[in-house]
Amino acid sequence: MNYKVKKKWLIIWGLIILFIIGNPSIRKFKSYLYNSGTDIRREYNFFLFSIYTEKNSPYNKTYYLGILFNFINLGTKDTY
């Protein structure tokens, strides 16, 4: 392997490790929502990022993306 190929793989593995370490836990998500007392769950854990839900009412869920120690609101979906 030449130097450029090794450097490329080192960067790729470094980014993967960064995303794995930066995947926030359910405890951090609850503190992000200030313990709102609603039904809070980690729906999907993909190890590089996670999808969290907050159940606002029996027919309404808000979805969040947890990635690199941050949370991004993906929107609300009505569930009937």
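Above this text is the structure in question.
Residues numbered from 1 in each chain as written. Predicted model: local features only at pLDDT ≥ 70, side-chain atom pairs only at ≥ 80, totals over all residues. Heavy atoms only, no water.

Colleague: Mind showing me how you'd approach the sheet that holds strand β4 (residues 70-78) here?
Modeller: Strands pair in a sheet through their backbones, by hydrogen bonds, and they do so in one of two ways: parallel or antiparallel. The four strands are arranged β1-β2-β3-β4 in an open sheet whose pairing can be described as antiparallel. Each having just a single partner strand, β1 (39-45) and β4 make up the two edges of the open sheet. Ignoring strand direction, the axes of neighbouring strands in this sheet form an average angle of 25 degrees. Relative to strand β3 (residues 60-67), strand β2 (residues 50-57) runs antiparallel, the two being bridged by seven bridges. Each residue of the ladder has a partner; that of Tyr 52, found in β3, is Tyr 64. (Pairing = 2+ DSSP bridges. Helix = DSSP H or I, 4+ residues; strand = E, 2+ residues; numbered from the N terminus. Axes fitted to C-alpha atoms, helices over the stretch in contact; angles between N-to-C directions.)

Colleague: I keep staring at the pairing of β4 and nothing clicks. Help me out?
Modeller: The two faces of a sheet get side chains in turn, since along a regular strand they alternate between them. Of the strand pairs in this sheet, β3 and β4 are connected by eight bridges, and their pairing is antiparallel. Counterpart to Tyr 64 in the pairing with β4 is Asn 73. Here β3 folds back onto β4 in antiparallel fashion, the turn holding two residues, of which Leu 68 has a positive phi close to 50 degrees.

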